[in-house]
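# Remarks on the overall topology
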Amino acid sequence: MSTPRLVTIPFSHFCEKARWALDRAGVSYVEQAHVPMVHRPYSKAAGGSGSVPVLVTADGPLGESAEILRWADATLPEPSRLYPGDPSARAEVDALVQDFDRGLGPKVRLWAYFELGRGPEGRGRRADLIVPYAGKGAPAFERVLLRLGWSPVLSLILRAYGCTPERADKARARIDATFDAVGERLAAGGPWICGERFTAADLVFASLAAPLLSPPEHPFPAPDPALLGGAASEQVARWRAHPAGQHALRTYRVERHRRADAPATA
Ligand SMILES: N[C@@H](CCC(=O)N[C@@H](CS)C(=O)NCC(=O)O)C(=O)O
């Protein structure tokens with residue numbers, strides 16, 4: 001059987017979510033990394049819709065990160081799975097994952113790109129911070145393209161995701177609400193979002209929140225958001241200190257490089 005191929009934009013949080021699940025399950029794969037915008041034809045050629053991640057498997061392409069999680073998880077015995085076998089526990093995890101995928105993931109992206117686009121006090125677009133980070137892992141030719149074209153690429157991205165001040169503010173409020181809901185769950189039980197067991201809810205929450213938190217265990221660690229300066233770095237400091245932010249950082253520390261078949265450490 002040929003080795004599965006994961007088409008990505010390496011720093012994308014939806015790609016990180018899929019990569020983490022594959023790493024955790026011990027599935028071997030090769031990552032085919034591209035810079036934003038150049039990724040689109042590669043996604044389509046791989047059988048995706050234009051977005052990433054796409055996992056090309058011997059059984060066909062998987063063009064949704066949620067499908068990749070379920071596919072990787074199915075290779076594991078039930079006690080090690082991200083999705084519990086018990087139907088009501090499974091329904092709870094599915095509902096949380098769906099909420100994070102539809103709410104948190106897109107809102108984190110919108111807020112982060114909006115802040116990048118305006119830079120500190122509206123002065124800059126921080127190409128110095130972002131271009132080396134956004135090009136990591138991609139072919140040299142694409143990295144050059146990104147360096148030359150960063151400003152128009154960012155403008156396209158800002159337009160595509162509708163990054164206006166009003167929408168960024170609504171996104172911030174939605175992120176806050178999700179953090180509060182996760183914090184309440186942890187306060188009521190824990191140590192994981194669904195209680196005693198580490199599940200897809202924890203992996204998806206941590207990976208989709210990661211662009212706000214810059215966990216050092218991330219395979220493509222983001223530049224320190226404090227470098228954005230101004231209100232954005234104060235906001236990031238609040239998310240990092242929030243119980244849900246602390247949970248995501250701990251999830252990275254404890255689980256990001258642990259295979260499902262290895263003993264838990266904490
Ligand atoms: N529903 C998709 C969302 C993936 C997604 O939004 N990917 C972004 C990167 S974070 C993307 O490819 N955006 C660029 C595009 O759609 O062309 C999934 O979970 O796989």
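Counting from 1, residues in each chain are numbered in the order their sequence is written. Restriction of local features to residues with pLDDT of at least 70 applies here, the model being predicted, together with a cutoff of 80 or more for giving and counting side-chain atom pairs; totals for whole chains, interfaces and linings are based on all residues. With hydrogens and water set aside, each side-chain value is computed from the structure's full complement of heavy atoms.

## Side note on the pairing of strand S3 (residues 54–57)
At least two DSSP bridges between two strands are needed for those strands to be called paired. Only DSSP runs of H or I covering at least 4 residues are called helices, and only runs of E covering at least 2 are called strands; the numbering of each starts at the N terminus. Across three bridges, the pairing between strand S1 (residues 5–8) and S3 is antiparallel. From the neighbouring strand, Arg 5 faces S3, where its bridge partner is Val 56. As judged from the three bridges shared by S3 and strand S4 (residues 60–62), these two strands associate in the antiparallel manner. In the sheet register, Leu 55 faces S4, and the bridge partner there is Leu 62. Between S3 and S4, which pair antiparallel and follow one another directly, the connecting turn spans two residues.

## Description of the domain arrangement of the chain
Each domain of the chain was delimited in the assignment, giving domain 1 (5–80) and domain 2 (87–125 + 163–255). Taking only C-alpha atoms, the centre of domain 1 and the centre of domain 2 are 21 Å apart. The quantity reported as buried area is the accessible area (1.4 Å probe) lost by two parts once they are put together, taken as the sum for both. Where domain 1 abuts domain 2, roughly 1,600 Å² becomes buried across the two surfaces, and 66% of that area is made up of carbon and sulfur atoms. In terms of surface lost to domain 2, no three residues of domain 1 exceed His 13, Phe 14 and Trp 20, which account for 43% of the buried area on that side. Whenever Lys or Arg places a side-chain nitrogen within 4 Å of a carboxyl oxygen from Asp or Glu, that contact is recorded as a salt bridge. Remark: the boundary between domain 1 and domain 2 carries two salt bridges. Across the salt bridge formed by Asp 101 and Lys 17, the nearest N and O atoms sit 2.7 Å from each other. Counting of polar contacts relies on pairs of N or O atoms within 3.5 Å, with two restrictions inside protein: one atom must be capable of donating a hydrogen and the other of accepting it, and residues adjacent in sequence are counted only when both atoms are side-chain atoms. At the surface where domain 1 touches domain 2, the tally comes to four residue pairs in polar contact (both at pLDDT 80 or more). At the level of elements, helix H1 (13–25) and helix H3 (65–73) are the ones that each hand at least two residues to the side of domain 1 that touches domain 2. Here the bounds of each domain stem from an automatic or database domain assignment.

## Quick look at the site of the ligand
Residues are counted as near a molecule or strand when any one of their heavy atoms sits within 4 Å of it. Near the ligand there are 13 residues, and of these Arg 40, Val 52, Glu 64, Ser 65 and Arg 109 occur at the shortest range. Contact distances for the ligand include 2.8 Å between a nitrogen atom and a side-chain N or O atom of Tyr 161. Alone, the ligand offers 510 Å² of accessible surface; in the complex the protein occludes 80% of this. Here a cavity denotes grid points, spaced 1 Å and computed from the protein atoms alone, that fit a 1.4 Å probe unable to get out, and a pocket denotes an open set having protein on both sides within 12 Å along at least 5 of 7 lines; residues with an atom within 4 Å of a point are the lining. If over half the atoms of a molecule are within 2 Å of the grid points of a cavity or pocket, the molecule is regarded as sitting in it. At a threshold of 2 Å from the grid points, most atoms of the ligand map onto the largest pocket. Residue burial considers only the protein chains on display, and all accessible areas are found by Shrake-Rupley using a 1.4 Å probe.

## Looking at the pairing of S1
Pairing analysis gives four bridges linking S1 to strand S2 (residues 30–33), with the strands arranged parallel. The residue bridging Thr 8 from the neighbouring strand is Ala 33, located in S2. By convention a crossover is right-handed if, when the strands point away from the viewer, the path from the first strand over the helix to the second runs clockwise. Following the chain from S1 across H1 to the adjacent parallel S2, one finds a crossover that is right-handed.

## Quick notes on the pattern of salt bridges
Inspection of the entire model under this criterion finds 13 salt bridges. The closest approach of N and O atoms between Asp 169 and Arg 172, which form a salt bridge, is 3.2 Å. Here the residue Asp 169 and the residue Arg 172 both occupy positions in helix H7 (residues 165–188), the gap between them amounting to three residues, near one helical turn. Notably, a salt bridge pairs Arg 258 with Glu 255, separated by 3.2 Å at the nearest N-O pair.

## Examining empty space enclosed by the protein
Grid points are joined across faces, edges and corners, and a volume is the space filled by probe spheres set on the points. Under the counting rule described, the total for this entry stands at one cavity of 30 Å³ or more. One number sums up the size of the largest cavity: a volume of about 50 Å³. Around the largest cavity, the lining residues are Phe 11, Ser 12, His 13, Tyr 133, Ala 210, Pro 211, Ser 214, His 218, Phe 220 and Ala 222. Of the residues that constitute the lining of the largest cavity, the class distribution is six nonpolar, four polar and no charged. Counting contributing residues, the lining of the largest cavity receives three or more from each of domain 1 (5–80) and domain 2 (87–125 + 163–255). Residue polarity follows a fixed list, in which Ala, Val, Leu, Ile, Met, Phe, Trp, Tyr, Cys and Pro are nonpolar, Asp, Glu, Lys and Arg are charged, and the others, Gly among them, are polar.

## What to know about unusual backbone geometry
Excluding glycine, residues mostly carry a negative phi; peptide bonds, for their part, are mostly trans. In this model, Val 52 is joined to Pro 53 through a cis peptide bond whose omega is 10°. Assignment of secondary structure puts Pro 53 in the loop between helix H2 (39–45) and S3. Phi at Met 37 takes a positive value of approximately 85°, unusual for a residue other than glycine. Tracing the chain through its elements places Met 37 in the loop between S2 and H2. The backbone of Ser 214 sits at a positive phi, close to 50°, despite the residue not being glycine. In this fold, Ser 214 is placed in the loop between helix H8 (200–213) and helix H9 (230–241). Relative accessibility decides the category of a residue: with a 1.4 Å probe and only protein chains considered, values under 20% of the type maximum give buried, values over 50% give exposed, and everything between is partly exposed. Its relative accessible area of 11% is what places Ser 214 among the buried residues.

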